[in-house]
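Given next are the chains, with one letter for each unit.
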Amino acid sequence: MTGFPERLARVRENIARAAARCGRSPDEITLVAATKTQTDDTIRQAIAAGITVCGENRVQEFTAHLAAGAYQGASVHFIGHLQTNKVKYIVGKVELIHSVSSEKLLLAIDRQAEKLDLVQDILLELNLAGEVSKSGLSMPQALPAARLAAELAHVRLRGLMCIPPPAAGPGKNLPYFEKLAQIAVDIRNEMGDNRADVVCLSMGMSDDYQDAVSAGATHVRLGTALFGPRPPVPINFGREF
Ligand SMILES: *Cc1c(COP(=O)(O)O)cnc(C)c1O
């Protein structure tokens, strides 16, 4: 994994510069290392180099890395598509689930968290471009889902997440990020006692994280910018189990 410390330094510099341009502190932005398809060793090295949060996409990879102790020294967030029947592998084992893409999933997470007698922090994932290939709540579904989350005793809504289409160039995804920030404001205005919890905006990937920071991102999820081109999917991880 040559070059990781240099790439990490560059990413941090870019985040700091984008934050400074809009009067934010870089401390407001959590760098989530998107570790999909990376090995245990690569994850350990990334953590040794200063990564504090790993973002996992696939249940099976998460379970394997966890069993191997690869995340020692960092916390883990789940950022990938989650099927309702897999929540038992994730709830209570990750600090934050970014990708709650339906009310059905929200309810399943709440039920599992209740079983474990804990409160799971979650973000609602919005499909802002209405892409059929992607999961996520539509804009009209966001507020009702937030209200539902507020009623559930075993989930805590922390904010919103989006995965816009690949950025076609600098500034191109800014409107999506600004939209997500606006929807978060609308939700906060409706939230009563829980509003102080709803502060997270998980948005921005390798090609557009600086624009996301400009629009208020609190979490950027970076794979390629940190690790370089992704290795192929490991042989056993090709399919969901
Ligand atoms: C892979 C992935 C990322 C990181 O993608 P890069 O373009 O490599 O930075 C971020 N978020 C999610 C949900 C991902 O699946």
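Computed from a predicted model, the values in this text were never measured in an experiment. (Residues numbered from 1 in each chain as written. Predicted model: local features only at pLDDT ≥ 70, side-chain atom pairs only at ≥ 80, totals over all residues. Heavy atoms only, no water.)

**With respect to the overall build of the protein chain**
Using the following cut-off: Each helix is a run of DSSP H or I of at least 4 residues and each strand a run of E of at least 2, with the numbering of both proceeding from the N terminus. To get the radius of gyration, use the C-alpha atoms; to get the globule rule, take the number of residues to the power 0.38 and multiply by 2.2 Å. Per-residue accessibility, obtained with a 1.4 Å probe over protein chains only, is compared with the maximum for each type, and a residue is labelled buried under 20%, exposed over 50%, and partly exposed between these values. Reported accessibility uses the Shrake-Rupley method at a 1.4 Å probe radius. Residues are deemed covered only where the shown protein chains occlude them.
Helices and strands together make up the secondary structure of the protein chain, namely eight helices and eight strands. The C-alpha radius of gyration computed for the protein chain amounts to 17 Å, which stays within 12% of the reference 18 Å derived for 241 residues, consistent with globular compactness. Residues counted as buried form 50% of the 241 residues belonging to the protein chain. Surface accessibility of the protein chain: about 11,100 Å² in total, with carbon and sulfur atoms responsible for 51%.

**Notes on the side chain of Glu-61**
Test applied: The definition of a polar contact used here is a pair of N or O atoms within 3.5 Å, where within protein one atom must be able to donate a hydrogen and the other to accept one, and adjacent residues in sequence count solely through side-chain atom pairs.
When you line up the elements, Glu-61 lands in helix H3 (residues 59–67). Here Glu-61 falls in the buried class, since its relative accessible area comes to 0%. A polar side-chain atom of Glu-61 sits 3.0 Å from a polar atom in the side chain of Arg-58.

**Some words on helix H4 (residues 103–115)**
Note on helix geometry: an α-helix contains 3.6 residues per turn, so any two residues three or four positions apart are oriented the same way. This is how it is decided: Each helix should span, by expectation, one fewer than its residue count multiplied by 1.5 Å. By definition in these notes, contact holds between two residues if any of their heavy atoms fall within 4.5 Å.
Taking 1.5 Å as the rise per residue, H4 with 13 residues should run 18 Å; its terminal C-alpha atoms sit 18 Å apart, in good agreement. For H4, the complete set of buried residues consists of Leu-105, Leu-106, Ala-108, Ile-109, Asp-110, Gln-112 and Ala-113. In this fold, the buried residues of H4 make contact with strand S4 (96–100), strand S5 (120–126), helix H5 (139–151) and strand S6 (155–162). The positive-phi residue at the C-terminal boundary of H4 is Asp-117, with phi of around 60°.

**Focus on the layout of surface pockets**
Note the threshold: Cavities and pockets were defined on a 1 Å grid built over protein atoms only: a cavity is a set of grid points that admits a 1.4 Å probe from which the probe cannot escape, a pocket is an open set flanked by protein on both sides within 12 Å along at least five of seven lines, and lining residues are those with an atom within 4 Å of any such point. Grid points are joined across faces, edges and corners, and a volume is the space filled by probe spheres set on the points. Three classes are used, and their members are as follows: Ala, Val, Leu, Ile, Met, Phe, Trp, Tyr, Cys and Pro are nonpolar, Asp, Glu, Lys and Arg are charged, and the others, Gly among them, are polar.
The calculated volume of the second largest pocket comes to roughly 180 Å³. Forming the walls of the second largest pocket are Arg-12, Ile-15, Ala-16, Pro-26, Ile-29, Thr-30, Leu-31, Gly-50, Ile-51 and Thr-52. At three residues, helix H1 (residues 4–21) tops the list of elements feeding residues into the lining of the second largest pocket. Its residues assigned to classes, the lining of the second largest pocket shows six nonpolar, three polar and one charged.

**Focus: the pattern of salt bridges**
Put simply, the test is: Salt bridge, as used here, is a side-chain nitrogen of Lys or Arg placed within 4 Å of a carboxyl oxygen of Asp or Glu.
The tally for this structure, following the rule as stated, stands at nine salt bridges. Here Arg-156 ties to Asp-121 by a salt bridge, and the two come within 2.9 Å at their closest N and O atoms. Taken as a pair, Arg-156 in strand S6 and Asp-121 in strand S5 lie far apart in primary sequence, 35 residues in all. Given the relative accessible area of 31%, Arg-156 is considered partly exposed. Here Asp-197 ties to Arg-156 by a salt bridge, and the two come within 3.5 Å at their closest N and O atoms. Here Asp-197 is found in the loop between helix H6 (174–190) and strand S7 (200–202), whereas its partner Arg-156 is found in strand S6, with 41 residues between them in sequence. A single network of salt bridges, built from pairs that share partners, joins Asp-121, Arg-156, Arg-158 and Asp-197.

**Side note on the site of the ligand**
Worth spelling out the cut-off: To be near a molecule or strand, a residue needs just one of its heavy atoms within 4 Å of it.
Around the ligand, the surrounding shell consists of Ala-34, Lys-36, Asn-57, Ile-79, Ile-163, Met-205, Ser-206, Arg-221, Leu-222, Gly-223, Thr-224 and Arg-230. Within the side chain of Lys-36, a nitrogen or oxygen atom sits 2.7 Å from an oxygen atom of the ligand. Here an oxygen atom of the ligand and a side-chain polar atom of Ser-206 are 2.5 Å apart. Contact with the protein chains hides 90% of the accessible area of the ligand, taken as 390 Å² for the molecule alone. Here the shell around the ligand is composed, by residue class, of five nonpolar, four polar and three charged.

**Description of the pairing of strand S1 (residues 30–34)**
Keep this limit in mind: Strands qualify as paired when DSSP identifies two bridges or more between them. Consider the strands pointing away from the viewer: the crossover is right-handed when the path from the first strand over the helix to the second runs clockwise.
Within S1, four of the five residues are buried, which leaves the element mostly enclosed by the surrounding structure. Both S1 and strand S8 (residues 219–222) contribute to a ladder of four bridges, which runs parallel. Its bridge partner being in S8, Thr-30 is matched across the sheet by His-219. The parallel pair S1 and strand S2 (residues 53–56), bridged by helix H2 (residues 40–48), forms a crossover whose chirality is right-handed.

**Digging into the packing of aromatic side chains**
Selection criterion: Note on aromatic pairs: the rings of Phe, Tyr and Trp (six-membered ring only in Trp) are paired at centre separations within 6.5 Å, and the planes decide the class, stacked below 30 degrees, edge-to-face beyond 60, tilted for the rest.
Under the counting rule described, the total for this entry stands at two aromatic pairs. An angle of 45° between the planes, with centres 5.3 Å apart, marks the rings of Phe-4 and Phe-227 as tilted. Linking Phe-4 in helix H1 with Phe-227 in helix H8 (residues 224–227), this pair joins segments that are 223 residues apart in sequence. Accessibility classification places Phe-4 together with Phe-227 in one group, the buried group. On the numbers, 5.9 Å between centres and 25° between planes, the contact of Phe-62 with Tyr-71 is stacked. We note that Phe-62, like Tyr-71, is buried.

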